[in-house]
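# Summary of the model geometry
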Amino acid sequence: MRRLVINPARKGAAINKNIYGHFAEHLGRCIYGGIFVGASSQIPNVNGMRTDVVEALKAIKAPVLRWPGGCFADEYHWMDGIGSQAGRKNMINTHWGGVVEDNSFGTHEFFELCAQIGCDPYITGNVGSGTVREMSEWVEYITFDGVSPMAGLRRENGREAPWKLPFFGVGNENWGCGGNMCAGTYARTYRQYQTYVREYAENKIAKIACGPNSDDYEWTQTMMDNCHCRKGHKGGANFRMDGLSLHYYTYPGGRENRGSALHFDYEKYFQTLGEALRMEALIRGHSFIMDQYDPEKTVGLVVDEWGTWYDVEEGTNPGFLYQQNTMRDAIVAGVTLNTFNNHCDRVVMANIAQTVNVLQAVILTQDEKMILTPTYHVFDLYKGHQDALLLESYVEAQDILCGEYAIPDLHVSASQGGDGAIRATLVNLSPNREQAIKCGLGELNIKSAAARVLAGAMDAYNDFDAPGIVQPGPLEGITIHGGEIDFVLPACAVAEIVIDAGGSLVQGS
Ligand code: AHR
């Protein structure tokens, strides 16, 4: 029997709901076909947005959506995507598959999508091939309420009131597809570009800088050294870095030997989890550097691209990055989201790559059909953590050894919501061994508990002909003894355990 201990007396920071964010790029069938089908489509839609997809994203309380890229962002010229549909430019999406981009999904459509989902928009501007003026005018077009050329253009295009834009990224992967800059060059460029990301009237914008690729600690150091603006230090009133992004993808076996999303053996499974668990070390490493400059944690770490990256499905366009999704991906999502929760003092947003039909998608579509992936169900199990207070938690895990990897067999995070309910999300990484768990709350007695679980073979998945193979259900057999609960967690499983210990929020250190 393994122990799981949740300590309601030791509370951490609030878990920012934006940790449960999403990312949708003009890549393959993510936007076109996956989200946007156009108002004249036979597929049920509202103003061109697929109703099934919007409803599914609402159901997991998707809090924020990052757009238009990705690498696409640094080739995107926003003026190509406004005005009458007939007048919009056709271009080639050079980065992703060389297909025609007709710009039918642009700024107005993105804000319509966010309104339908009920999520916040997060736009990434073009630094790599765009100008300061272009970026500045985009912000003006979106957020300015007065008399100005851009506000006038927006009105001409049918939108009277400005939109709210709470998050703006100053470029994407500017160390790579966003201009191949070295850290010093980008730091200088960031200082310049962000100056003209203006905040009009009440619209407050969190300015998010391009951060490191994976373990590039030098990049983080350079950015903090040059762009973190402490009071009375380095820079004027209009100079801020509110967030630093981190991109980390799980490539089992490295970029060259990733393997299939569906067909893999135990070794590949452990390799995948070993690589996914590196997120913990990356957050610690980058946070350590950030803490030297910013002990008050005013700059958030924004993990705005994360997820698994395998070979594309056979017969699909290699530039579309379409992959299936199994219980292995659900386990990756479970441990990654636990890791973000446990570091919520520094991690303020994360955006899984990507929402529909691309990489570790939460939703897959095929014409009018839609399926929810195992990863989607993990977001559903974890949604109760949004804006809750992190609680200290500990699970007695044992390492599973496989090749160069030592994988803990259990992984947890816990929180307490405003209603007093205590929630733990627990992952059993073992592909074949269930675990008996005894869970206590220290000095508090558990009054009642209920749990939902997602479990299956490591390579189980949902398909268009069998969409319900992997889905959550109640975890049966929870018993209470002496104020603690006992239950058995199946192999290869992600569970949400909701505990009632009396209702009110416990005051703690
Ligand atoms: O998500 C796919 C791509 O991965 C993004 O466009 C880019 O930012 C990253 O390299």
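The rules we used
- Residues numbered from 1 in each chain as written.
- Predicted model: local features only at pLDDT ≥ 70, side-chain atom pairs only at ≥ 80, totals over all residues.
- Heavy atoms only, no water.
- Helix = DSSP H or I, 4+ residues; strand = E, 2+ residues; numbered from the N terminus.
- Buried < 20%, exposed > 50% of the residue type's maximum accessible area, 1.4 Å probe, protein only.
- Contact = heavy atoms within 4.5 Å.
- Pairing = 2+ DSSP bridges.
- Axes fitted to C-alpha atoms, helices over the stretch in contact; angles between N-to-C directions.
- Near = heavy atom within 4 Å.
- Polar contact = N/O pair within 3.5 Å; in protein donor to acceptor, adjacent residues only side chain to side chain.
- Areas by Shrake-Rupley, 256 points an atom, 1.4 Å probe, with all protein chains shown as cover.
- Nonpolar A, V, L, I, M, F, W, Y, C, P; charged D, E, K, R; others polar.

With respect to the helices and strands, the residue Leu273 is situated in helix H7 (residues 266-276). Residue classification places Leu273 among the buried residues on the basis of a relative accessible area of 0%. Between the C-alpha atom of Leu273 and that of Leu429, which follows or precedes it by 156 residues, the distance is 8.2 Å. Aside from chain neighbours lying at most four places away, what touches Leu273 is Arg328, Ile331, Val332, Ile407 and Leu429.

Moving on, we get to the pairing of strand E25 (residues 484-489). Residues in a regular strand project their side chains so that they alternate between the two faces of the sheet. Within E25, 5 of the 6 residues are buried, leaving the element largely enclosed by the surrounding structure. Relative to E25, strand E21 (residues 435-440) runs antiparallel, the two sharing 5 bridges. The partner of Lys438 across the bridge, within E25, is Asp486. Relative to E25, strand E24 (residues 479-481) is paired through 3 bridges, and the arrangement is antiparallel. Bridge pairing links Ile480 to Ile485 in E25. Counting the residues between successive antiparallel strands, the hairpin from E24 to E25 contains 2 residues, one of them, Gly482, with a positive phi of roughly 55 degrees.

One closed barrel accounts for 8 strands, arranged E2-E5-E8-E9-E10-E11-E12-E13; its pairing is parallel. Sheet twist, expressed as the mean angle between neighbouring strand axes with direction ignored, is 25 degrees. Taken together, the 4 bridges between strand E8 (residues 120-125) and strand E9 (residues 167-170) define a ladder with parallel strand orientation. Across the sheet, the residue bridging to Tyr122 is Phe167, located in E9. Sheet strands in contact with helix H2 (residues 107-117) are strand E5 (64-67) and E8, and its direction is about 150 degrees off that of E8.

In the vicinity of the ligand, 13 residues are found, and the nearest of them are Glu25, Cys71, Glu173, Tyr249 and Glu305. Between an oxygen atom of the ligand and a side-chain N or O atom of Glu25, the distance comes to 2.7 Å. Separating an oxygen atom of the ligand from a side-chain N or O atom of Glu173 is a distance of 2.8 Å. Here the ligand has 280 Å² of accessible area as a free molecule, and 94% of this is covered by the chains. Grouping the constituent residues of the shell around the ligand by class yields 7 nonpolar, 3 polar and 3 charged.

Along the chain, the position of Gln416 falls in strand E19 (residues 410-416). Exposure remark for Gln416: the relative accessible area of 2% places this residue in the buried category. At a separation of 2.9 Å, a polar atom in the side chain of Gln416 contacts the main-chain carbonyl oxygen of Gly420.

By themselves, these figures tell us nothing about what the structure is for.
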